[in-house]
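Chain by chain, the residues:
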Amino acid sequence: MVMPRSIFFRALAAFFAIAAAQAEEPAYDFVLRGGRIIDGSGNPAFHGDLAVKGGCIAAIGKIVGAGKREIAVAGMIVAPGFIDVHTHAEDIEEQPLGENFLRMGVTTIVLGNCGSSVLNVGEFFQRIETAAFSPNVATLVGHGTVRRAAMHGSFDRLPTEPELTQMRALVRRGMEDGAVGLATGLIYLPGTFAKTEELIDMAKVAAEFGGIYATHQRSESAEIFQSLDEIFRIGREARLRVEISHLKLSGPSNWGKAAQVLAAIEKARAEGLDITQDQYAYTASSTGISQLVPEAMREGGDAKFRERLDDAETKAKYIAEMKRTLEKRGSADYAYAVIAAYKIDPTLNGLNIATAAGKVRSSQTLDEQIELIFDIVQNGGATGVFHGMSEADLAVFMQHPNTMFASDSGVRRFQEDVPHPRGYGNNARVLAEYVREKKILRIEDAVRRMTSLPARTFHFAERGELLPGNWADITVFDPEKVADPSTYADPHHYSTGFRFVFVNGVLVVESDTHTGARSGQVLRRATP
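This one's a predicted model, so the numbers in the text were calculated from it and none came from an experiment.

Calculation notes
- Residues numbered from 1 in each chain as written.
- Predicted model: local features only at pLDDT ≥ 70, side-chain atom pairs only at ≥ 80, totals over all residues.
- Heavy atoms only, no water.
- Helix = DSSP H or I, 4+ residues; strand = E, 2+ residues; numbered from the N terminus.
- Rg over C-alpha atoms; globule rule 2.2 N^0.38 Å.
- Buried < 20%, exposed > 50% of the residue type's maximum accessible area, 1.4 Å probe, protein only.
- Contact = heavy atoms within 4.5 Å.
- Polar contact = N/O pair within 3.5 Å; in protein donor to acceptor, adjacent residues only side chain to side chain.
- Pairing = 2+ DSSP bridges.
- Right-handed = clockwise from strand over helix to strand, strands pointing away.
- Axes fitted to C-alpha atoms, helices over the stretch in contact; angles between N-to-C directions.
- Parallel < 35°, antiparallel > 145°, perpendicular 65-115°, else oblique.
- Left-handed = near helix turned anticlockwise from the far one by under 90°.
- Nonpolar A, V, L, I, M, F, W, Y, C, P; charged D, E, K, R; others polar.
- pLDDT = per-residue confidence, 0-100.
- Expected span 1.5 Å × (residues − 1).
- Phe/Tyr/Trp six-rings, centres within 6.5 Å; stacked < 30°, edge-to-face > 60°.
- Patch = residues over 30% accessible without salt bridge, like charges linked within 9 Å, V, L, I, M, F, W, Y side chains within 5 Å.
- Areas by Shrake-Rupley, 256 points an atom, 1.4 Å probe, with all protein chains shown as cover.
- Salt bridge = Lys/Arg side-chain N within 4 Å of Asp/Glu carboxyl O.
- Lys, Arg positive; Asp, Glu negative; His and termini not counted.
- Charge placed at Lys NZ, Arg CZ, Asp CG, Glu CD.

### Things to note about the overall build of the chain
Turning to step 1, where the next piece is worked out: Summing up its helical and strand segments, the chain has 17 helices and 21 strands in all.
Turning to step 2, where the next piece is worked out: For the chain, the C-alpha radius of gyration of 26 Å lies close to 24 Å, the compact-globule estimate for 528 residues.
Turning to step 3, where the next piece is worked out: With the principal axes as the frame, the chain shows a C-alpha extent of 110 × 50 × 45 Å.
Turning to step 4, where the next piece is worked out: Going through the 528 residues of the chain one by one, you find that 58% of them count as buried.
Turning to step 5, where the next piece is worked out: Partitioning the intrachain contacts of the chain with sequence separation of at least 6 by distance along the chain shows that 75% fall at a separation of at least 24.

### Some remarks on the environment of Ser-286
Turning to step 1, where the next piece is worked out: Positionally, Ser-286 belongs in strand β14 (residues 284-288).
Turning to step 2, where the next piece is worked out: Residues Ser-286 and Ala-461, 175 residues apart in the sequence, show an inter-C-alpha distance of 31 Å.
Turning to step 3, where the next piece is worked out: Setting aside chain neighbours within four positions, we find Ser-286 in contact with Gly-384, Val-385, Phe-386, Asp-408, His-420 and Arg-422.
Turning to step 4, where the next piece is worked out: Separated by 2.8 Å, the side chain of Ser-286 and the backbone oxygen of Gly-384 make a polar contact.

### Re the pairing of strand β7 (residues 106-111)
Turning to step 1, where the next piece is worked out: The buried count for β7 comes to 6 of 6 residues, which makes it a mostly enclosed element.
Turning to step 2, where the next piece is worked out: Across 3 bridges, the pairing between strand β6 (residues 82-84) and β7 is parallel. Bridge pairing links Ile-83 to Thr-108 in β7.
Turning to step 3, where the next piece is worked out: Direction of pairing for β7 relative to strand β8 (residues 136-139): parallel, over a ladder of 4 bridges. Residue pairing in the sheet places Thr-108 in a bridge with Asn-136 of β8.
Turning to step 4, where the next piece is worked out: Following the chain from β7 across helix α3 (residues 121-131) to the adjacent parallel β8, one finds a crossover that is right-handed.

### Describing the packing of helix α5 (residues 161-176) against helix α6 (residues 196-208)
Turning to step 1, where the next piece is worked out: Across the interface, α5 lies against α6 with an axial gap of 9 Å and an inter-helix angle of 30 degrees. By the angle between their directions, the pair α5 and α6 is classed as roughly parallel. Note on packing geometry: the crossing formed by α5 with α6 is right-handed. Mapping the contact onto sequence places Leu-164, Met-167, Arg-168, Val-171, Arg-172 and Met-175 in α5 and Glu-198, Asp-201, Met-202, Val-205, Ala-206 and Glu-208 in α6.
Turning to step 2, where the next piece is worked out: Broken down by class, the residue content of the contact of α5 with α6 amounts to 7 nonpolar, no polar and 5 charged.

### Let's talk about the confidence of the model for the chain
Turning to step 1, where the next piece is worked out: When the pLDDT values of the chain are averaged, the result is 95; 95% of them are 70 or greater.
Turning to step 2, where the next piece is worked out: Looking at the elements of the chain, mean pLDDT is at its lowest for helix α1 (residues 5-24), recorded as 45, and at its highest for β6, recorded as 99.
Turning to step 3, where the next piece is worked out: Every residue in residues 5-22 is under pLDDT 50, and counting partners more than four places away or in other chains gives 1 contact.

### Side note on the sheet that holds strand β10 (residues 181-185)
Turning to step 1, where the next piece is worked out: Taken together, 6 strands build an open sheet; the order of strands is β9-β10-β11-β12-β13-β17 and the sheet is parallel. At either end of the open sheet lies a strand with only one pairing partner, and these are β9 (141-142) and β17 (403-405).
Turning to step 2, where the next piece is worked out: Examined bridge by bridge, strand β12 (residues 241-244) and strand β13 (residues 275-279) share 3 bridges and lie parallel to one another. Note on β13: the bridge partner recorded for Ile-244 is Gln-277.

### Observations concerning the side chain of Ser-519
Turning to step 1, where the next piece is worked out: Checked against the element boundaries, Ser-519 lands in the segment after β21 (513-514).
Turning to step 2, where the next piece is worked out: Setting aside chain neighbours within four positions, we find Ser-519 in contact with Phe-133, Ser-134, Val-503, Asn-504, Val-506 and Val-508.

### Examining the pairing of strand β5 (residues 77-80)
Turning to step 1, where the next piece is worked out: In this structure, strand β1 (residues 28-37) lies alongside β5, joined through 2 bridges in parallel fashion. The residue of β5 that forms the bridge with Arg-36 is Ile-77.
Turning to step 2, where the next piece is worked out: Strand direction decides the pairing type here: β5 and strand β18 (residues 474-477), joined by 4 bridges, are antiparallel. Residue pairing in the sheet places Pro-80 in a bridge with Ile-474 of β18.

### What to know about helix α11 (residues 312-329)
Turning to step 1, where the next piece is worked out: For α11, built from 18 residues, the straight-helix expectation of 26 Å at 1.5 Å per residue is met to within 8% by its first-to-last C-alpha distance of 26 Å.
Turning to step 2, where the next piece is worked out: Against α9 (295-298), α10 (302-310), α13 (366-378) and β16 (383-387) lie the buried residues of α11.
Turning to step 3, where the next piece is worked out: For α11, the N-terminal cap is Asp-311; the gap from its side-chain oxygen to the backbone nitrogen of Glu-313 is 3.1 Å.
Turning to step 4, where the next piece is worked out: Phi turns positive, to about 85 degrees, at Gly-330, one or two residues after α11.

### Observations concerning the sheet that holds β16
Turning to step 1, where the next piece is worked out: Strand order in the open sheet made by the 3 strands is β14-β16-β15, with antiparallel pairing throughout. If you trace the sheet from one side to the other, it starts and ends with β14 and β15 (337-341), each paired once. The mean angle between the axes of side-by-side strands here comes to 30 degrees, regardless of whether they run parallel or antiparallel.
Turning to step 2, where the next piece is worked out: In the sheet, β15 pairs with β16 via 4 bridges, with the strands oriented antiparallel. From the neighbouring strand, Ile-339 faces β16, where its bridge partner is Gly-384.

### What about the packing of aromatic side chains?
Turning to step 1, where the next piece is worked out: Summed over the entire model, instances satisfying the criterion amount to 13 aromatic pairs.
Turning to step 2, where the next piece is worked out: Ring centres 6.4 Å apart and planes at 85 degrees place the aromatic pair Phe-82 and Phe-498 in the edge-to-face group. One end of the pair, Phe-82, is in strand β6; the other, Phe-498, is in strand β19 (residues 498-503), and 416 residues separate them in sequence.
Turning to step 3, where the next piece is worked out: Classification of Phe-82 by relative accessible area gives buried; the value is 0%.
Turning to step 4, where the next piece is worked out: For Phe-498, a relative accessible area of 0% gives the class buried.
Turning to step 5, where the next piece is worked out: When the ring of Tyr-424 is compared with that of Tyr-494, the centres are 5.3 Å apart and the planes differ by 75 degrees; the resulting orientation is edge-to-face.

### Structural notes on a negative patch on the surface
Turning to step 1, where the next piece is worked out: Residues Glu-307, Asp-310, Asp-311 and Glu-313 make up a contiguous surface patch of negative charge.
Turning to step 2, where the next piece is worked out: Mapped onto the elements of the fold, Asp-310 is located in helix α10.
Turning to step 3, where the next piece is worked out: Overall, the relative accessible area of 69% leaves Asp-310 in the exposed class.

Here it is, written out as structure tokens:
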């Protein structure tokens, strides 16, 4: 049967129309045109284009093909998405946009630090994957969390063999479920009472899975060198990588030792220990006000704490200990500690302990400050901001090539309380204050410390560098306008200057505004 000419030519026309349409179909999802590309390796920046397709980086250089969306980024830096290796963002479940992180260029966050994590990693990952979230999420297993689960409130002792067995099993389950390592918080209950041998025992379980040991060490002040020796021993005997969390020197009496601290770490590296460190770009820390009270006074829970307060002799002993600690750190009183979030009396938020004591106890004497601290602990506690580091030490730690930048923050609830500004501005502050203004770091090196260094340290495959085939976690910022407007007194301001942020190839931030996209992935431990 011969096809009629009219039908033949209509079919031929349709074929060529489809072919033409297919030929004109854009080759990429996005093409970023004419940016200054900093690939995360530490190599010098270069000018070029970057294409994204199917969630990954498709091409870099001079790109001929078109994107479904073409974005002109001349004058801007195109860099890998930043990786924050030290967060307390377990609240990503309640605030899945993670806006304070994304709006300062952070596309991956590591949870579970300072010994405190979710107990069941597998269930947690399943829940957040079902709900969807914006940044990529990884977690550590918290030693304090598993110790608390196994030892049931009695912590100032060695664990029994059955308790140790349970702790090992909990660490193992977390690692099997995809945790990237073990975290300790050795100034916090219950980890503060753990002996070195117990920590080595737990770290050996993480080491079986190629995990890392991330530690808030026992002392960041007068005993820091003894504390470092313990870290080195754990790393050597457990045979695993080590990350020192938020490296610092607290208290005026301890300032000026940064070079010695780094020398000790470098000596350990030279002897074969794989060790790195992170810091936040501020001279104040943040934790619970309860940390001002000796751990032994708080051990056993609220009832035991009140018993000790009611015993005049016991209370006097702990007050004397608190005064000795102040003297050792070089402080006359607690004016360096600012109340950030106190639910019982929010009018004290933003006041230092001395001023707050004057307000509620009509006196700023040291004894009244201590009584206020006891009241706060009895009433459920509060978070605080502690001004205790020197800018000179911060700069020395910052210049070390193995120092990463991490916020030590959770997901911020906008306009709630008076939290540390680092949760809004840490990465932006590095780029604005220490790269652009003070020129302490080259921009390429600052980006490396936020991208490829943490990716390699925590074994995040196909992230941390702009390479074809890697996941398209990308941040685009204006190096002349990036800024961190959040301050200690007025912290609730998002970073600015971040024009575009992509997570797994999806545009999550555009012109300093979160798009609402939830394209984050769970980053489970890579098989060693």
